[in-house]
Every structure is written in structure tokens, then in C-alpha cells.
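Letter by letter, the chains look like this.
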Amino acid sequence: MKVLVVGSGGREHALCWAISNSPLCDALYCAPGNAGIADVATLVPIGSEDVDALVRFVQDNAIDFVVVGPEGPLVLGLVDRLTALGVKAFGPSAAAAELEGSKGFMKDILAKYGVPTAFYERFKDPDAAKAYVRKHGAPIVVKADGLAAGKGVTVARTEQEACDAIDDALVGGRFGAAGAEVVVEEFLDGEEVSFFALCDGENALPLASAQDHKAVGDGDTGPNTGGMGAYSPAPVLTPDLQDRVMREIILPTVKGMAAEGKPFKGVLFAGLMIMQTPAGPVPKTLEFNVRFGDPECQTLMMRLKSDALAALVAAADGVLDSIDLRWHDRTALCVVMAANGYPGDYAKNTEIRGLDKAGAVENVTVFHAGTKRAEDGRVLSVGGRVLGVTALAPTVAEAQAAAYKAVDALDWPDGFCRRDIGWRAVGR
Ligand code: AMP
Ligand code: GLY
């Protein structure tokens, strides 16, 4: 097969790395890719949201299969366009991508099909939203309906904070059209975990659990980021709980979306809260994403023993029931290296040295995110999150040690990382 991966982050490097190892893959392209991806794929200089140009490239180059990494092109209908042309693609239609693109839509689907989640209401009118906040009290959560680059959620400790968030979105227009409607929902207390499942419109196949570290600083301090590190599996999601998540959350959502005439194909990424109750732990849905997590994907691809491309094609073909995935029993752990200043302003075009030394550490793969290769061969940083140093080892403590050994082999004074990725699981 001739395969095109769309995107340019660490997630896409991990996908390209796994796909390039598949015997089904004859040629691999990535648009637009990065310096690390260039080692395993041919880079195509087309932005991931330039749907017209991507479709043209696919036609001109007789691409057989397209794997869409980020949510942007999914919500813009890239998969619909490819499907209409008879080109196979991994990822949901625009209608199904609304599970991530509209929190209100997602909550309505969960409510209609009985999937456990926080109670909620949708609002366009700020006064009605604030009345709801006063009725239920704080803590309470306010979410912009649409895609807001990870900044649309306010976990409000006080009613005032919730009302300010409502005004910011509905009156101040802080998120533009994405914030013209808000969801106000119950605050759920517990431990967060991510769970990934492949879906083919009718069936779902469990992948694995992972835990992300969203805050920029050690000890989960400072502002939130796209994710400063992750590990898989997450011990909080025991096999029993995983079965329950499949039965109570993933499968009813997939069946519900099919019943709505919006069958979900691709990867369903469920953000879950595991709540401790007198009757034992209970999983509830915080959110859905319609793509792999970044950096969670890096850990999943390191753990996957089976042919990743075959699994993605089976999801697109609607034959997931014919697939059986094998996983390394070991733990994968990814430490993100970010440019100094991230998630605020940061410098670009700083030189990264020591990549070969870091990559030579046993059981470590250095995935690139925001990098490019200069004409003179140097690797430069061009994004906020720049590298995902990922290790696979028998225990989470060993994976952590290997990943930081590789981090310490890097020579990049303009970057930083958290030093405590995996602390929760190491503590267990
Ligand atoms: P989201 O963008 O929906 O993933 O939300 C961002 C973060 O806000 C989540 O990872 C949670 O930490 C937190 N969050 C979202 N919804 C809730 C909720 N109902 N209760 C508590 N925390 C939440
Ligand atoms: N790491 C969280 C995400 O990809 O949304």
C-alpha cells in the first residue's frame, strides 16, 4: 500500500514509525511531517488543514490509505472527501468527529444512550447559565462547546469563577464561534485516565490505557499544556475496569453513533474519571477525542507488537472483528521536551544536539514533534512541544529511568522537561 499520514507532531512520528515497520507498507508519505518523520517517510509540504491540497496529493499520487493524526482535518471533513473519491482513510467523518468538535453534541449522545458522565446543561444565554451555576453551586465545570485549543475548560472552584468563565465565552467572545455555546457540568472528583479503542462503525477493539501529564511543571503545577508526558498502561484501569469501560462507555457510544446515522470509525479516545464510591471504583466519561492522544500515542505504538497498519486498515474496512492485537506487557513512558517558555511564548529555531546519543539508549525511541532539519543538516526546534523521549521497560520505574537517561544525553539548553513523568504509577 501507498500510505499518507497527515500531521506533524510526535503522535504522527509514532504512527509513521509503526506503519513503516508493516509488511503491508510499500511507500509512506507524511504531510507536513517533521525532521524525525523524514527518517521513515517522504515529507510532503502540505499543511494538515489544507484539505483541498491533501485530496489533490492523494489523487495525483494514487495513495491507497490515509491516516489522519489531528482532529482539525477530521472536523473539516477530510475523511468524507477521501471516502467520496473511493480512497480508504483512518479517522471519522466530519459528522462523527463532532464527538470532539462539539461538547454539547457529545453530552447529548451520552445522555441519550445512557453512557455514564457528569450531569450537565447546554447554554447560549449567560444569565440562564449563571442561574444554573447558582442552583448547583461550586465546584462546577464550564466548557466552551467547540474546539478551543485545549483552553476551553474551566474547572471553577467558586461560583464567581464559573460566572466569569461563562461571561468570557458567551459575552467576551474569548473563543470566538467555538464559545458561542457552553456546557456547564457537574464536577467529578477522582483519578483521570485515558482509554483508547479502535472503532469500525459497528465494533470496537480495545487498545490500551494511558495517563497524561497536562500541567507544565513538576508535581502537576503551572498552566496546562497539550501534554508533558505519558505512560501506558495506567495501573488505575484494572482489567475489570477496562471491561466495564468497553461495555458501559465505548460500545454504547459506537452503537449510538451508528443509530444516529453517524457511524464512528477511527480511534475513540475517552477521557475518564475513575471515581471512588462505597461500591468500588466507577468510570465516568469526561470527554471524547476522535484521534490518538499526543503523547499517549507514542506510548501505545511502542507497546503494540501487532501490525499497526493492518489494524488501522481493518478499522477503516469495518472488519475489526477479524483482528486480534498483541501487546508488550511492559510499560512505555514518554517524556516530552518542550521549548523554554512553553506553553507561553518560546524561541524557535534553536539547535538540538545529542539526538543520536539519546536514541542509542537501550529501549528508547526519540520521537520528534516540533522539529525541522536546516539545510546544513542541523535539527532545529520549531514548536512548543519538540521531542517525545519514549522508553519501553518491564516496570514503569525502569521505563522512567531509561527515558531520563536519554533526556540527559540530549544537548539542548533551550528546552526543558518535567522530571516526574510517571510519578503516580511509580508511587503505586
Ligand atoms: P477536556 O478539555 O474536556 O479534556 O477537559 C480538560 C480537563 O478538565 C480534563 O482533563 C479534566 O482534568 C478537567 N475536567 C473536565 N471536565 C471535568 C469534570 N466534569 N470534573 C472535573 N474535572 C473535569
Ligand atoms: N494529550 C492529550 C491530548 O492529546 O489531547
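Only a predicted model underlies this, so the values are computations on that prediction, with no experimental measurement involved.

## A closer look at the site of ligand 1
Here's step 1: Taken together, the neighbourhood of ligand 1 is formed by 14 residues, with Glu185, Glu186, Leu188, Glu192 and Glu287 sitting nearest.
Here's step 2: A distance of 2.8 Å is found between a nitrogen atom of ligand 1 and a backbone nitrogen or oxygen belonging to Leu188.
Here's step 3: Side-chain polar atom of Glu192 to an oxygen atom of ligand 1: 2.4 Å apart, as the coordinates give it.
Here's step 4: Within the complex, 86% of the 470 Å² of free accessible area of ligand 1 lies under protein.
Here's step 5: Contributions of two or more residues to the shell around ligand 1 are made by strand 7 (140-144), strand 8 (153-156), strand 9 (182-186) and strand 16 (280-289).

## A look at the sheet that holds strand 1 (residues 2-7)
Here's step 1: Here we have five strands laid out as an open sheet, ordered 3-2-1-4-5, and parallel in their pairing. Edge positions in the open sheet fall to strand 3 (42-43) and strand 5 (88-90), since each of these has one partner strand only.
Here's step 2: Bridge analysis of strand 2 (residues 27-32) against strand 3 gives two bridges, and the strand direction is parallel. Counterpart to Cys30 in the pairing with strand 3 is Leu43.

## Some remarks on the packing of aromatic side chains
Here's step 1: Under the counting rule described, the total for this entry stands at seven aromatic pairs.
Here's step 2: Note on Phe90 and Phe292: the rings are 6.3 Å apart at their centroids and 25° apart in plane angle, and the pair reads as stacked. One end of the pair, Phe90, is in strand 5; the other, Phe292, is in the loop between strand 16 and helix 10 (296-303), with 202 residues separating them in the sequence. Grouping residues by exposure puts Phe90 and Phe292 together as buried.

## Quick word on the site of ligand 2
Here's step 1: In the region of ligand 2, the neighbouring residues are Asp212, Gly226, Phe269, Arg291, Gly293, Asp294, Pro295 and Glu296.
Here's step 2: Contact distances for ligand 2 include 3.0 Å between an oxygen atom and a side-chain N or O atom of Arg291.
Here's step 3: Between a nitrogen atom of ligand 2 and a side-chain N or O atom of Glu296, the distance comes to 2.9 Å.
Here's step 4: Protein chains shield 87% of the accessible area of ligand 2, which is 200 Å² for the free molecule.
Here's step 5: Across the shell around ligand 2, the residue classes break down as two nonpolar, two polar and four charged.

## Regarding the environment of Pro413
Here's step 1: Summarising the element assignment, Pro413 is placed in the loop between helix 13 (396-409) and strand 23 (415-416).
Here's step 2: Here Pro413 falls in the exposed class, since its relative accessible area comes to 57%.
Here's step 3: Spatially, the C-alpha atoms of Pro413 and Glu351 are 8.8 Å apart, while their sequence positions differ by 62 residues.

## As for the UniProt feature "domain: ATP-grasp" (unreviewed entry) in the chain
Here's step 1: On the UniProt side, "domain: ATP-grasp" (unreviewed entry) is annotated at positions that read residues 107-317 here.
Here's step 2: Here residues 107-317 is 32% helix and 34% strand, with 28 Å between the C-alpha atoms at its ends.

Reading guide: rules and limits
- Residues numbered from 1 in each chain as written.
- Chains lettered and ligands numbered in written order.
- Predicted model: local features only at pLDDT ≥ 70, side-chain atom pairs only at ≥ 80, totals over all residues.
- Heavy atoms only, no water.
- Near = heavy atom within 4 Å.
- Polar contact = N/O pair within 3.5 Å; in protein donor to acceptor, adjacent residues only side chain to side chain.
- Areas by Shrake-Rupley, 256 points an atom, 1.4 Å probe, with all protein chains shown as cover.
- Helix = DSSP H or I, 4+ residues; strand = E, 2+ residues; numbered from the N terminus.
- Pairing = 2+ DSSP bridges.
- Phe/Tyr/Trp six-rings, centres within 6.5 Å; stacked < 30°, edge-to-face > 60°.
- Buried < 20%, exposed > 50% of the residue type's maximum accessible area, 1.4 Å probe, protein only.
- Nonpolar A, V, L, I, M, F, W, Y, C, P; charged D, E, K, R; others polar.
- UniProt positions renumbered as here; feature names shortened; annotations may be inferred.

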